[in-house]
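# Per-entry structural report
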Amino acid sequence: MNTKAVRKGSALALLPFVIFIVIYLGAGIYFQMHGVKMAFYQFPSVTAMFLAVLSAFCMGRETIRKKFRIFTRGAANENVMTMLMIYIMAGAFSAVTAAMGGRDATVSLGISLISPQYLTVGIFLISAFMGTATGTSVGTVAAIVPIAAGISAKSGIPGALIVAACVSGAMFGDNLSMISDTTIAATRTQGCGLKDKFKVNFLIAIPAAILTAGIYLFFGTAGLDVTAVAEDYHFIKVVPYLAVLFLALIGVNVFLVLTIGIFLSGIIGLSGGDLTLIAFAQDIWKGFNSMNEAFFLALFCGGISALISHYGGIRWLIWKLQGMVSGNRSAQISIAALVSLIDCATANNTVAIIIVGDVARQISAKYRVDPRRTASLLDIFSCVFQGILPYAAQLLTAAALATQNGVLLNTLDIVPHMWYCFMLALFGILSIFIPFADGICRRHPWVWKKEAL
């Protein structure tokens with residue numbers, strides 16, 4: 001075999017991912033053109049990935065049995081299996097806590113603490129807290145947008161502005177939360193700890209959030225005439241979110257954190273009469289099921305990545321990137337650009353991170369980009385585009401709920417006000433050229449191991 005070809009790898013090995021993107025994106029564009037609501041979610045992403053898996057099995061000349069062994073090694077990789085377990089436990093925690101009233105209590109607590117003249121920035125902060133505590137941007141949008149739309153109708157605050165404040169806060173949480181699927185995917189694919197990635201990410205996200213809060217404060221304070229909108233709540237129901245956030249921040253193992261969160265929510269729900277033992281068990285199961293898409297996508301991506309790597313796809317991509325990558329900074333730019341492009345194609349930031357993860361890890365090893373830094377870049381830039389894509393779930397959900405609650409919006413009305421995503425992109429790019437967020441990387445340098453490229 002030609003040794004130069006082996007070194008370069010094979011572009012054809014990437015065909016399964018191309019097939020996935022073409023099917024998923026093509027179906028979304030088709031439904032969008034025909035006026036179907038949630039167009040990019042009509043054709044299931046898991047089905048598109050399954051078709052890509054089948055195409056991967058058509059590559060090479062090995063037997064199906066050997067290809068399946070390669071696929072299962074990738075799917076059963078320790079990082080993939082850990083990711084799958086965390087996904088379903090995070091789903092169970094969110095489901096149980098919502099069922100016992102914790103989600104509504106958290107929203108009401110925030111609303112009750114904010115003066116009317118600060119409601120726009122307040123919605124941003126509430127969403128940021130809830131998104132960080134729950135790890136779900138779509139769940140945060142679903143819970144808070146109806147309240148934001150009601151405030152807009154009563155106060156005269158532009159609906160697009162206050163709804164964008166909600167989605168911006170949700171994306172802050174999605175990016176920074178210890179239990180969000182993007183954080184889990186980014187850290188597991190790069191082999192670094194949640195806490196270490198958080199420390200790098202925090203120093204980029206916080207300046208972006210502060211500037212965003214200032215913008216929403218400036219543009220969202222005029223013409224207010226709002227009565228109290230918070231419902232009665234019990235503070236005890238907020239405790240599971242606070243406990244999960246605190247335990248994760250002090251470095252407790254994520255499995256233990258989520259287990260404590262699940263049973264703490266269950267105990268509070270049982271003692272308050274909001275849950276029965278059977279309902280508690282059923283909500284755990286519902287939470288597991290709610291993570292089906294992420295679960296199967298991660299499983300299929302793990303297997304398909306192993307086949308693509310075996311047939312030289314990753315080697316080819318890295319070889320092509322060498323034309324624009326000449327050092328550590330250009331490597332970081334290439335990682336940020338790659339995950340951004342994949343997110344634009346899939347409209348799913350977790351999928352984008354999973355797809356890019358192996359490639360990013362190899363670029364990171366070759367050009368000595370600290371994996372904690374790489375994980376942060378993957379999460380940041382996938383969330384940047386996820387928050388401004390007019391066909392992504394977050395904006396589609398927000399526009400639909402706002403319209404349902406009396407504020408007629410489409411997704412393109414919201415995009416210009418998504419200031420957090422714009423600020424996050426700005427600080428993310430600045431951090432590449434001015435490494436103000438790399439304190440932990442300098443204090444505790446990464447111990448590199450020899451990795452095959």
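Everything quoted here is computed from the prediction, not taken from an experiment. Just so you know, the residues in each chain are numbered from 1, in the order the chain's sequence is written. Predicted model: local features are reported for residues with pLDDT of at least 70 only, side-chain atom pairs are reported and counted for 80 or more only, and whole-chain, interface and lining totals are derived from all residues. Note: side-chain values were computed over all heavy atoms of the structure, leaving out hydrogens and water.

## Some thoughts on unusual backbone geometry
The phi torsion at Arg 368 lies on the positive side, around 55 degrees, for a residue other than glycine. Runs of E in the DSSP output that reach at least two residues are strands. Runs of H or I that reach at least four are helices, and both are numbered from the N terminus. Inspection of the secondary structure puts Arg 368 in the loop between α18 (349-367) and α19 (371-386). Burial classes: relative accessible area under 20% of the type maximum marks a residue as buried, over 50% as exposed, and values in between as partly exposed (1.4 Å probe, protein chains only). The class for Arg 368 is partly exposed, based on a relative accessible area of 44%.

## Observations regarding the environment of Tyr 241
Its location among the elements puts Tyr 241 in helix α12 (residues 239-249). Put simply, Tyr 241 and Ser 265 are 24 residues apart on the chain and 8.9 Å apart in space, counted from C-alpha to C-alpha. Excluding its chain neighbours within four sequence positions, the residues that come into contact with Tyr 241 are Phe 93, Thr 97, Ala 98, Gly 102, Arg 103, Thr 106, Ala 133 and Thr 134. In what follows, residue pairs with any heavy atoms lying within 4.5 Å of each other are defined as contacts.

## Regarding the packing of α18 against α19
Two elements in contact, α18 and α19, have axes separated by 10 Å at closest approach and are oriented at 150 degrees. With respect to their mutual orientation, α18 and α19 come out roughly antiparallel. Taken as a pair, α18 and α19 cross one another with a handedness that is right-handed. Contacts between α18 and α19 involve Asn 349, Ile 353, Val 356, Ala 360 and Ser 364 on the former and, on the latter, Pro 371, Thr 374, Leu 378, Asp 379, Ser 382, Cys 383 and Gln 386. The residue makeup of the contact of α18 with α19, split by class, is six nonpolar, five polar and one charged. Only the contacting stretch of a helix is used when fitting its axis, a line to C-alpha atoms as for every element, and angles between N-to-C directions run 0 to 180 degrees. Roughly parallel here means an angle under 35 degrees, roughly antiparallel means over 145, roughly perpendicular means 65 to 115, and every remaining angle is called oblique. Crossings are classed by handedness, with left-handed meaning an anticlockwise turn of the near helix from the far one by less than a right angle and right-handed meaning a clockwise turn. Residues were grouped as follows: Ala, Val, Leu, Ile, Met, Phe, Trp, Tyr, Cys and Pro as nonpolar; Asp, Glu, Lys and Arg as charged; and all remaining residues, including Gly, as polar.

## Let's talk about the packing of aromatic side chains
Put simply, two rings from Phe, Tyr or Trp (the six-membered ring, in Trp's case) pair if the centres are within 6.5 Å, and we call them stacked under 30 degrees between planes, edge-to-face over 60, tilted for the rest. Summed over all chains, the structure comprises 15 aromatic pairs. Relative to Phe 280, the ring of Phe 263 has its centre 5.9 Å away and its plane inclined at 85 degrees; by these criteria the two rings are edge-to-face. Here Phe 280 lies in helix α14 (residues 277-290) and Phe 263 lies in helix α13 (residues 254-272), a separation of 17 residues in the sequence. What makes Phe 280 buried here is its relative accessible area of 8%. An aromatic cluster is defined as three or more aromatic residues linked by ring pairs; in this entry it consists of Phe 124, Phe 172, Tyr 216 and Tyr 420. Look at NZ for Lys and CZ for Arg. If either is within 6 Å of the ring centre and within 35 degrees of the ring normal, a charge sits over the ring. Note that Lys 366 overlies the ring of Tyr 367, its terminal NZ or CZ placed 5.8 Å from the centroid.

## Let's talk about the pattern of salt bridges
A side-chain nitrogen of Lys or Arg and a carboxyl oxygen of Asp or Glu constitute a salt bridge if their distance falls within 4 Å. One pass over the structure, following the stated rule, counts five salt bridges. As a salt-bridge pair, Lys 237 and Asp 274 come within 3.1 Å of each other at their nearest N and O atoms. Of this pair, Lys 237 sits in the loop between α11 (194-219) and α12 while Asp 274 sits in the loop between α13 and α14, and the two are 37 residues apart along the sequence. Given the relative accessible area of 35%, Asp 274 is considered partly exposed. Asp 438 is the salt-bridge partner of Arg 373, the closest N and O atoms lying 3.7 Å from each other. Taken together, the positions of Arg 373 in helix α19 and Asp 438 in the loop between α22 (419-433) and α23 (439-443) put the pair 65 residues apart, joining distant regions of the chain. Grouping residues by exposure puts Arg 373 and Asp 438 together as buried.

## Some remarks on helix α7 (residues 119-134)
An α-helical turn contains 3.6 residues, so a residue and the one three or four places further along point in the same direction. The span one expects for a helix is its residue count, reduced by one, times 1.5 Å. The end-to-end C-alpha distance of α7 is 22 Å, a good match for the 22 Å that 16 residues give at a rise of 1.5 Å each. Counting buried positions along α7 gives 14 out of 16 residues, so the element sits mostly inside the fold. One or two steps after α7, the chain reaches Gly 135, where phi turns positive at roughly 80 degrees.

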